Structure formats: C-alpha cells, structure tokens
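Commentary on secondary and tertiary structure
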Amino acid sequence: MARIRIAVTGTDGQVARSLVERSAMTACDVICIGRPMLDLSRPTTIESALASIAADVVVSAAAYTDVNKAETEGALADLVNGRAPGLLAAHAYARGIPLIQLSTDYVFDGSKSTPYTEDDPIAPINAYGRSKAAGERAVAAAHPHHVILRTSWIYSPFNRNFVRTMLALARKQDEVRVVADQIGNPTAAADIADGILEVARNLIEGRNEERAGIFHMAAAGTTSWAEFASAIFSASAERGGPTARVAPIASAEYQTPARRPANSRLDCARLSRVHGVSLLHWHSSLGPCVGRILEQGT
Ligand SMILES: NC(=O)c1ccc[n+]([C@@H]2O[C@H](COP(=O)([O-])OP(=O)(O)OC[C@H]3O[C@@H](n4cnc5c(N)ncnc54)[C@H](OP(=O)(O)O)[C@@H]3O)[C@@H](O)[C@H]2O)c1
C-alpha cells in the first residue's frame, strides 16, 4: 500500500507533535504546517499553505487553546477556532482531500449526569467552547465528508498541560489544591495520534459518507482533576520523581476567568462502532508520559 501523506496544522501542538512521533513506525508521513506559512488568524495564508503540500488527509489540530485568555480575546479565538477551520475545510474539499477536525468536550455545558454522546445538544459555557462550536459548524458546512473528533483533557510530554503543571508544582511545594468536582477523561496525545492515524487510513480507503460526522475520541475511564493529580504523583514517585499531597477543593474555591463544565465525560461508542477505534484507559498511558517528562528535567 502506498504511503499516506497527512498534513497537520500547528507545529508545536501536543497532538501535532504526537502525530509526528507516532507515525514514525507506520505507513503514514506527517507534515506539520504552522506559522508563519499557515497562520489561522490570517485567512489568506490558508489556501497557499494547503496548496504547497500534496496531502492525502488534512488534520486540523491547531487552535487558540488558552481557555482563560479566550474570555478577553474572543475575537481572535473566534477567528482561529471558529472561522479558519471552515476555510481550511472548504479548500480541502475543493481539492478532494478528507479533513479531520479536532474539537472539545467544552462544547457541552456539563450539566448532564452521564457521559455525553454525539447526539447531545451542545451549549458551551465559555468563550473557547463557543469558538470551537462555531468551528464544528463551519467545518460541517464546508466539507460534506468531514470527521470531527471531540477529545478532552489532553496531556503529553509537550507544551502546556495538566501533567507537566502538576510535576512542576511538586518540585516547588508539598501540597497542591486541585479541583475535585469536575470529572472527565484525561487523554494522552499519543493515543489520540494513534486514533487519528487509524481514522485517516479509513478515510483513504473510501466509503467516507458512512464514516463522516462527529465522533467522541477520549481515553477509556473517567476521573476528577484531583484524582488525576494523585495518580500523576504516584506515577512520579514510582519513578523517583517529585510528589505532593493533593488537597481536593471545589471549583467555587478556584476562580478562573472561564467557567469549566462539571461533567466532561465523553461516550466514545460511535467511534468504536464506525471506525473501529477505542483509546486505552487513561491510567495505562499516564506512567510512560510522566516518565518522559521526568527525563526532561526541570
Ligand atoms: N489541550 C486540551 O486539553 C484539549 C482538549 C480538547 C480538545 N482540544 C483540541 O485539540 C486540538 C489540539 O490541541 P493541543 O492540546 O494539541 O493544542 P496545543 O498544544 O495548545 O497547540 C496549539 C497549536 O495551535 C497552533 N496555533 C495557535 N494559533 C495559531 C494560529 N493563529 N495559526 C496557526 N497555528 C496556530 C499553535 O502554534 P505554534 O506551534 O506556533 O505555537 C500550536 O501548534 C485543538 O484543536 C484543541 O482545541 C484540546
């Protein structure tokens, strides 16, 4: 089978870097397109960036991801997350290229008592979630064979994420206060990358009408941020790394500019049924990631 060329937006993003790493042993070549060649806040760069790469599949992973800052930079978040993915999707469709758009659990308000399915109504409660919801609508309108993958609580050895933050705090203090009343699926970027590679292969095989739509792609198993922090410190202690006590607190005690959904759990059954993809349990992917972060040092 011929090698598959996958173009992913963003260069230093957690998912983009993980796709590059995880594709190394596969029949896929992953090419990152990022700033300045592709700047999602400058729509005129989108068509030329896509034209410069003979991609078989496009993965739209780049995003304005600072959830708190989006509250005061709403126009930029809307442009990068809401409008640009639609333009990228339109250019991909014009070239006959399947597109995979990354989206988020933050399109939901978190009021449901069970995991969210793709059929649940979206109702974002912060500016980032509203911008990503606009991106979903724009992609769906521009590309009939779009695949939208909603994922959650991404962690990796790269960039900014909860695991790296907790380990950095444990190097400086004995105790960390962590929110215990928000629950979700912490998901390793490496596992998302493996899942994306499988979905991309399915899209190359065809039958894309059946394989299009919105899918939830998150790790198996759910937990709270506080329990996740405890698991991070256990994994760190096992490897001789820093550890700290976790003091569970309520969201009300940890005020942030953006509200977060209390329930971020995603039901991923549709992805398994249609694409044959199920991600590992969050706990089994955590140890190796913590080990890599510890190897990086401070
Ligand atoms: N992080 C999470 O917990 C989470 C949860 C659910 C869903 N998601 C979604 O999953 C996807 C991947 O997230 P991630 O954690 O891998 O993101 P990330 O690590 O925060 O990286 C974001 C990427 O977007 C790029 N970017 C930002 N503004 C850009 C612009 N104007 N033009 C071009 N590129 C731009 C950044 O570029 P540089 O390389 O130049 O910095 C970076 O590569 C995103 O769509 C995100 O919304 C994330």
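Note that the coordinates shown come from a computational prediction; the quantities given were computed from them, not determined experimentally. (Residues numbered from 1 in each chain as written. Predicted model: local features only at pLDDT ≥ 70, side-chain atom pairs only at ≥ 80, totals over all residues. Heavy atoms only, no water.)

With respect to the overall build of the protein
Each helix and strand counted, the protein has ten helices and twelve strands in total. Taking 2.2 N^0.38 as the reference for a compact globule, 298 residues should give roughly 19 Å; the C-alpha atoms of the protein span a radius of gyration of 19 Å, in line with that estimate. Looking at the 298 residues of the protein, the share that counts as buried comes to 52%. Sequence separation of 24 or more characterises 82% of the internal contacts of the protein that already satisfy a separation of 6 or more. Of the roughly 12900 Å² of accessible surface on the protein, a fraction of 51% belongs to carbon and sulfur atoms. Across the protein, the 30 positively charged side chains and the 30 negatively charged ones have centroids separated by 3 Å. (Helix = DSSP H or I, 4+ residues; strand = E, 2+ residues; numbered from the N terminus. Rg over C-alpha atoms; globule rule 2.2 N^0.38 Å. Buried < 20%, exposed > 50% of the residue type's maximum accessible area, 1.4 Å probe, protein only. Contact = heavy atoms within 4.5 Å. Areas by Shrake-Rupley, 256 points an atom, 1.4 Å probe, with all protein chains shown as cover. Lys, Arg positive; Asp, Glu negative; His and termini not counted. Charge placed at Lys NZ, Arg CZ, Asp CG, Glu CD.)

Focus on the sheet that holds strand 2 (residues 28–33)
Sheet architecture is open: six strands sit in the order 2-1-3-4-5-10, paired in parallel fashion. Edge strands, defined here as strands with exactly one partner in the open sheet, are strand 2 and strand 10 (213–216). Within the sheet, the average angular offset between the axes of one strand and its neighbour, ignoring direction, is 25°. Here strand 3 (residues 57–60) pairs with strand 4 (residues 99–104) via three bridges, running parallel. Directly across from Val59, in strand 4, lies its bridge partner Ile100. Strand contacts of helix 1 (residues 14–22): strand 1 (4–9), strand 2 and strand 3, with the helix running at about 150° to strand 2, the strand carrying the most contacts. (Pairing = 2+ DSSP bridges. Axes fitted to C-alpha atoms, helices over the stretch in contact; angles between N-to-C directions.)

A word on the site of the ligand
As a matter of local geometry, the ligand sits amid 27 residues, with Leu40, Thr65, Tyr128, Lys132 and Asn159 nearest to it. One of the backbone nitrogen or oxygen atoms of Thr11 is found 3.4 Å away from an oxygen atom of the ligand. A distance of 2.8 Å separates a nitrogen atom of the ligand from a polar atom in the backbone of Leu40. Protein contact buries 85% of the 900 Å² of open area that the ligand shows by itself. Of all the elements in the fold, those that place two or more residues in the shell around the ligand are helix 1, strand 4 and helix 4 (127–142). (Near = heavy atom within 4 Å. Polar contact = N/O pair within 3.5 Å; in protein donor to acceptor, adjacent residues only side chain to side chain.)

Function cannot be inferred from these measures alone, as they are strictly geometric.
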